[in-house]
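Report on the structure
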Amino acid sequence: CTWCGAYWAGDAMPAPAARTALGEFLRLWFLGYAGPSRLADRLQQKQGYVWGVAAQSLRGVLDSLLVYLPVTLLHRIPPMQPFIPGIPPQEYYLFLTVATPFVLVLQTFLVAGFIHLALRVLGRPSQLGLIVNIAGFAALVVGAVLIPWDWMWFALGAANQYLLGITPCYGCDALTLLAGT
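What this report covers is the structure whose coordinates are included nearby.

Calculation notes
Residues numbered from 1 in each chain as written. Predicted model: local features only at pLDDT ≥ 70, side-chain atom pairs only at ≥ 80, totals over all residues. Heavy atoms only, no water. Axes fitted to C-alpha atoms, helices over the stretch in contact; angles between N-to-C directions. Helix = DSSP H or I, 4+ residues; strand = E, 2+ residues; numbered from the N terminus. Parallel < 35°, antiparallel > 145°, perpendicular 65-115°, else oblique. Left-handed = near helix turned anticlockwise from the far one by under 90°. Contact = heavy atoms within 4.5 Å. Core = buried A, V, L, I, M, F, W, Y, C linked by side-chain atoms within 4.5 Å. Buried < 20%, exposed > 50% of the residue type's maximum accessible area, 1.4 Å probe, protein only.

Between helix H3 (residues 50-73) and helix H4 (residues 92-121), the shortest axis-to-axis distance is 8 Å and the interhelical angle comes to 160°. In this view, H3 runs roughly antiparallel relative to H4, as classed from their interaxial angle. Viewed along their axes, H3 and H4 form a crossing whose handedness is right-handed. Contact with H3, carried on its side by Val 53, Gln 56, Ser 57, Arg 59, Gly 60, Val 61, Asp 63, Ser 64, Tyr 68, Leu 69, Val 71 and Thr 72, involves Tyr 93, Leu 94, Leu 96, Thr 97, Thr 100, Pro 101, Leu 104, Val 105, Thr 108 and Phe 109 of H4 and no other residues of that element.

Below you can see the structure in the form of structure tokens.
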């Protein structure tokens, strides 16, 4: 299996790179919880920015499928007028379902580019790929916790804009959309 690295008896064993890419990604992800500084050290060994883009893309897909898609299927309308002109309020969450992964990857590149530029202006060494990788995994590590956190508050019946707005994390008001408050 290309996703989990398993193979069936009689099948040729896949190449080591194909067998371990997903496993390495999952190890890096969970290393972000167990030892964030070790995650940064491991990401220094990775060339380019593919790992960070993959991490941020996964975070965007999780947000799309687990936050915005349920809101879309429940036909919720934003409590305030959407900030993006030209998108009717009744289609706003559908737009977010589709656009979130792309917007988050773009956001990662913009933030990483700004950090890279600031470090260069200050005369400090900087590797754009490393910054993208760290930013992508930081977003995945934090974002993957925010979704169950939101759902927990919703399950407890405490999903309102004011309570979720003061919970100790960014973006915890996502389930306010589901509660309709």
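A word on unusual backbone geometry. Despite not being glycine, His 75 has its phi angle at roughly 55°, a positive value. Tracing the sequence through the fold places His 75 in the loop between H3 and H4.

Before going further, it helps to spend a moment on the nonpolar core. Phe 25, Leu 28, Trp 29, Leu 39, Leu 43, Trp 51 and Phe 137 are the most contacted members of the largest nonpolar core, which has 13 residues in total. Elements with a contribution of two residues or more to this core: helix H1 (16-34), helix H2 (36-43), H3 and helix H5 (128-155). A total of five residues in this core trace back to one element, the largest contributor, which is H5. Ignoring sequence-local partners within four residues, the contact set of Leu 39 consists of Leu 28, Leu 31, Gly 32 and Phe 137. Grouped together as the second largest cluster of nonpolar side chains are five residues, Val 71, Ile 87, Tyr 92 and Tyr 93 included.

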